[in-house]
Amino acid sequence: MTEEFDNAVNASKSLPQRPANDELLKLYALFKQATEGDNTGERPGGFDFKGIAKHDAWAELKGKDSADAETEYIQFVKELQAKYA
């Protein structure tokens, strides 16, 4: 991970307003893809709707290079900072 990525992670935690659920899912998925690569876990079942949404958002990024996910994460955090500033 780069220093710029670490700074973006910290910035995402201190946004002045809570992002929308779809934005939070995108942040989560890009972070996981950047730090862990492809999602290899099983999809949660039953009524774990939050877990299912997170799993599916991350799974959509399958095959995306970690460096590309990191770059997209940084850019998305900048967009959120501008939106919620």
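All residue numbers refer to position in the chain's written sequence, counted from 1. Side-chain atom pairs in this predicted model are given and counted only at pLDDT of 80 or more, local residue features only at pLDDT of at least 70, and totals for whole chains, interfaces and linings cover all residues. By convention in this description, side-chain values take in all heavy atoms of the structure and omit both hydrogens and water.

1. Looking at the side chain of asparagine 39
In step 1: Here a strand is any run of E in DSSP of at least two residues, a helix any run of H or I of at least four, and the numbering for each starts at the N terminus. Relative to the elements of secondary structure, asparagine 39 occurs in the loop between α2 (21-36) and α3 (49-59).
In step 2: By relative accessible area, asparagine 39 is classed as buried at 15%.
In step 3: Pairs of N or O atoms within 3.5 Å make up the polar contacts considered here, provided that, within protein, one atom can donate a hydrogen while the other can accept it, and that residues adjacent in sequence are counted only when both atoms are side-chain atoms. In this structure the side chain of asparagine 39 is engaged in a polar contact, spanning 2.9 Å, whose partner is the backbone nitrogen of glycine 41.
In step 4: Side-chain polar atoms of asparagine 39 contact the backbone oxygen of histidine 55, separated by 3.3 Å.
In step 5: In what follows, residue pairs with any heavy atoms lying within 4.5 Å of each other are defined as contacts. With near-sequence residues (within four places) excluded, asparagine 39 lies in contact with Gln33, His55, Trp58 and Ala59. Any residue under 20% of the maximum accessible area for its type is buried, any over 50% is exposed, and the rest in between are partly exposed; the area is computed with a 1.4 Å probe on protein chains only.

2. Some remarks on helix α1 (residues 3-12)
In step 1: Listed in full, the buried residues belonging to α1 are Phe5, Ala8, Val9, Ala11 and Ser12. Seen end-on, α1 carries its buried residues on one side only, within an arc spanning 165°.
In step 2: Taken together, the buried residues of α1 touch α2 and α4 (66-84). Our arc is simply the arc of the directions from the helix axis toward the C-beta atoms.

3. Some words on the environment of histidine 55
In step 1: Its location among the elements puts histidine 55 in helix α3.
In step 2: By relative accessible area, histidine 55 is classed as buried at 14%.
In step 3: For the pair formed by histidine 55 and proline 44, sequence separation is 11 residues and the distance between their alpha carbons is 7.6 Å.
In step 4: Each residue touching histidine 55, except ones within four places of it in the same chain, is listed here: Asn39, Gly41, Glu42, Arg43 and Pro44.

4. Looking at α2
Spacing of three or four residues puts side chains on the same side of an α-helix, whose turn is 3.6 residues.
In step 1: Its 16 residues give α2 an end-to-end C-alpha distance of 22 Å, which sits within 8% of 22 Å, the value for a rise of 1.5 Å per residue.
In step 2: Residues Glu23, Leu27, Ala29, Leu30, Lys32, Gln33 and Ala34 constitute the buried set of α2.
In step 3: Along its buried surface, α2 packs onto α1, α3 and α4. Multiply 1.5 Å by the residue count of a helix minus one, and that product is the helix's expected span.

5. Re the pattern of salt bridges
Opposite charge on two side chains permits pairing when their charged atoms draw close.
In step 1: Between Lys or Arg on one side and Asp or Glu on the other, a salt bridge is scored when a side-chain nitrogen of the former is within 4 Å of a carboxyl oxygen of the latter. Under the defined criterion, the tally for this structure stands at five salt bridges.
In step 2: A salt bridge links aspartate 56 to arginine 43, with the nearest nitrogen and oxygen atoms 2.7 Å apart. In this pair, aspartate 56 is assigned in helix α3 and arginine 43 in the loop between α2 and α3, connecting sequence segments 13 residues apart.
In step 3: Residue classification places aspartate 56 among the partly exposed positions, given a relative accessible area of 27%.

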